[in-house]
Amino acid sequence: MVLAKVVGTVVSSHKSEKIEGIKFLLLEKIDPITMKGKNDFVVSMDSVGAGPDEIVFYVSGSSARFTNVTEGKPTDSAVIAIVDFIEKDGSYTYKKD
Amino acid sequence: MVLAKVVGTVVSSHKSEKIEGIKFLLLEKIDPITMKGKNDFVVSMDSVGAGPDEIVFYVSGSSARFTNVTEGKPTDSAVIAIVDFIEKDGSYTYKKD
Amino acid sequence: MVLAKVVGTVVSSHKSEKIEGIKFLLLEKIDPITMKGKNDFVVSMDSVGAGPDEIVFYVSGSSARFTNVTEGKPTDSAVIAIVDFIEKDGSYTYKKD
Amino acid sequence: MVLAKVVGTVVSSHKSEKIEGIKFLLLEKIDPITMKGKNDFVVSMDSVGAGPDEIVFYVSGSSARFTNVTEGKPTDSAVIAIVDFIEKDGSYTYKKD
Amino acid sequence: MVLAKVVGTVVSSHKSEKIEGIKFLLLEKIDPITMKGKNDFVVSMDSVGAGPDEIVFYVSGSSARFTNVTEGKPTDSAVIAIVDFIEKDGSYTYKKD
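As the structure is a prediction and not an experimental result, all values here were calculated from the model.

Below, the discussion takes up the overall build of chain A. When helices and strands are tallied, chain A shows 0 helices and 8 strands. A compact globule built from 97 residues would reach a C-alpha radius of gyration of about 13 Å, and chain A, at 14 Å, matches this within 12%. In terms of its C-alpha atoms, chain A occupies a principal-axis envelope of roughly 45 × 25 × 20 Å. Counting only residues that meet the buried cut, chain A has 61% of its 97 residues in that class. At a minimum sequence separation of 6, the contacts of chain A that also span at least 24 residues come to 48%. Just so you have it, chain A exposes about 3,800 Å², and 46% of that area is on carbon and sulfur atoms. When the 12 basic and 14 acidic side-chain charges of chain A are each reduced to a single mean position, those positions are 2 Å apart.

So, in structure tokens, the structure goes:
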């Protein structure tokens, strides 16, 4: 899984019928040490109700179809967790307010 | 999923019989903030009737076989949505005319 | 799918029994605008009878097992089409002789 | 599979219900010759009880669902082995204490 | 598939029970034209008895589970062929002794 920040949304009215009603988040991958954005973006299906500026991790590939929200859908990316904290070598690099 | 622009088509008369009758779009990946092309291209099966210059997102890998058009076909990329707008940090980086 | 040129072959007499009798092509990925090689190579199973110097596109990952030739085989890459032409923004970047 | 070092953990209280109770490790990919970190990180499900500073290798993609711990779960990365030693050209580049 | 050279082995006594008894090779990806190593490494399950310094190609992703040795196992990489020769534009870039 890869750590990222929710930075926006992508909206489409004309899409595959199988993905009607799903929210598409624009994620920016982050460096989990500096917590800076990497200017590398992915469109991901939300399975946990993540909101703007939250740090999340998402799953890629076929496993993105293994959440309750995304089962059987044409998706290669799903947000599966909102991060509370990241610990590295005994200290926090990130802690949710 | 990854954001891209439809920049052309790829035509083949000699191909796997399973992909007869499918349209192959040439997509250029874009930076969703500046909306500039990244000079990085992919050939994708169209599942939504996307046309030239439209901003779309496509799904990669096994999930590309999960649209009504691409089921059971040897494809690793399918366009699944034509984008209306991209919102980042409260403003639009892109809005379809 | 990714555009590439057939630049050679890879031959092995000692291999997984499931891939006996299959032709392995050496592909060089190309830039579909300039048509130049990218010095990036992949070994791909041929499912369409592609020959030297032909422009093709290949499918990667699990979908490489979805051609008639490659079904059930341990492959992550299969050539599925010989390209007739590539059209970008209304002009040809490539046209087969 | 890819060699990495366990450098931390990622904790989430709000996540897909299918991944409750699983430990998420923060891994840093390493160069297996110099054993230096590559400043490239991945969040991986632990299937072997790996701890801080251990050298491991992890499996990516759909195969990450093929351990006893991760079966049926939305994961694209699982630690499947703690490394005892890495041998290259007849000498050890790494040997566990 | 990707061309690589067998440069070593990775040994683990503490691993997922499903991968007991399998040999893990350390592979270095090569440029198939110059045959030089790319300093890019992967840990791969051996399905063909490849030995030190041999040129092989390996399959990645779910298809790595489609050899007789790796079926049902948590692997994303399997060596499926020892290369006899690589031919490019009519000449050999590599020929096994």
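Below, the discussion takes up the relation of the copies chain A and chain B. Overlaying chain A with chain B gives an RMSD of 0.0 Å, the required rotation being 72 degrees about an axis along which the chain moves by 0.0 Å. Those values place the two copies in the arrangement expected of a five-fold rotation axis. The share of interface residues of chain A whose copies in chain B are also at the interface is only 3%, consistent with the copies meeting through different surfaces.

Mapped onto the fold, Ser44 of chain B is located in strand β4 (residues 37-46). A polar contact is formed between the side chain of Ser44 of chain B and the backbone nitrogen of Ala78 of chain B, at a distance of 3.4 Å. At 3.4 Å, the side chain of Ser44 of chain B and the backbone nitrogen of Val79 of chain B are in polar contact. With near-sequence residues (within four places) excluded, Ser44 of chain B lies in contact with Lys23, Phe24, Leu25, Leu27, Tyr58, Ser77, Ala78 and Val79 of chain B together with Met1 of chain C.

Our next topic: the interface of chain A and chain B. At the junction of the two partners, chain A supplies 31 residues and chain B supplies 26 residues. Roughly 2,300 Å² of surface becomes buried between chain A and chain B when both sides are summed, with 54% attributable to carbon and sulfur atoms. Joining chain A to chain B, the criterion identifies 17 residue pairs in polar contact (both at pLDDT 80 or more). Listing elements by their share of the side of chain A that touches chain B, those giving two or more residues are β1 (2-11), β2 (14-15), β3 (24-30) and β4 (37-46) of chain A. A per-element tally of the side of chain A that touches chain B places β4 of chain A first, with 6 residues. Split by residue class, the side of chain A that touches chain B holds 11 nonpolar, 13 polar and 7 charged.

Reading the values: rules and limits
Residues numbered from 1 in each chain as written. Chains lettered and ligands numbered in written order. Predicted model: local features only at pLDDT ≥ 70, side-chain atom pairs only at ≥ 80, totals over all residues. Heavy atoms only, no water. Helix = DSSP H or I, 4+ residues; strand = E, 2+ residues; numbered from the N terminus. Rg over C-alpha atoms; globule rule 2.2 N^0.38 Å. Buried < 20%, exposed > 50% of the residue type's maximum accessible area, 1.4 Å probe, protein only. Contact = heavy atoms within 4.5 Å. Areas by Shrake-Rupley, 256 points an atom, 1.4 Å probe, with all protein chains shown as cover. Lys, Arg positive; Asp, Glu negative; His and termini not counted. Charge placed at Lys NZ, Arg CZ, Asp CG, Glu CD. Least-squares fit on C-alpha atoms with pLDDT ≥ 70 in both. Polar contact = N/O pair within 3.5 Å; in protein donor to acceptor, adjacent residues only side chain to side chain. Buried area = accessible area lost by both parts, 1.4 Å probe. Nonpolar A, V, L, I, M, F, W, Y, C, P; charged D, E, K, R; others polar.

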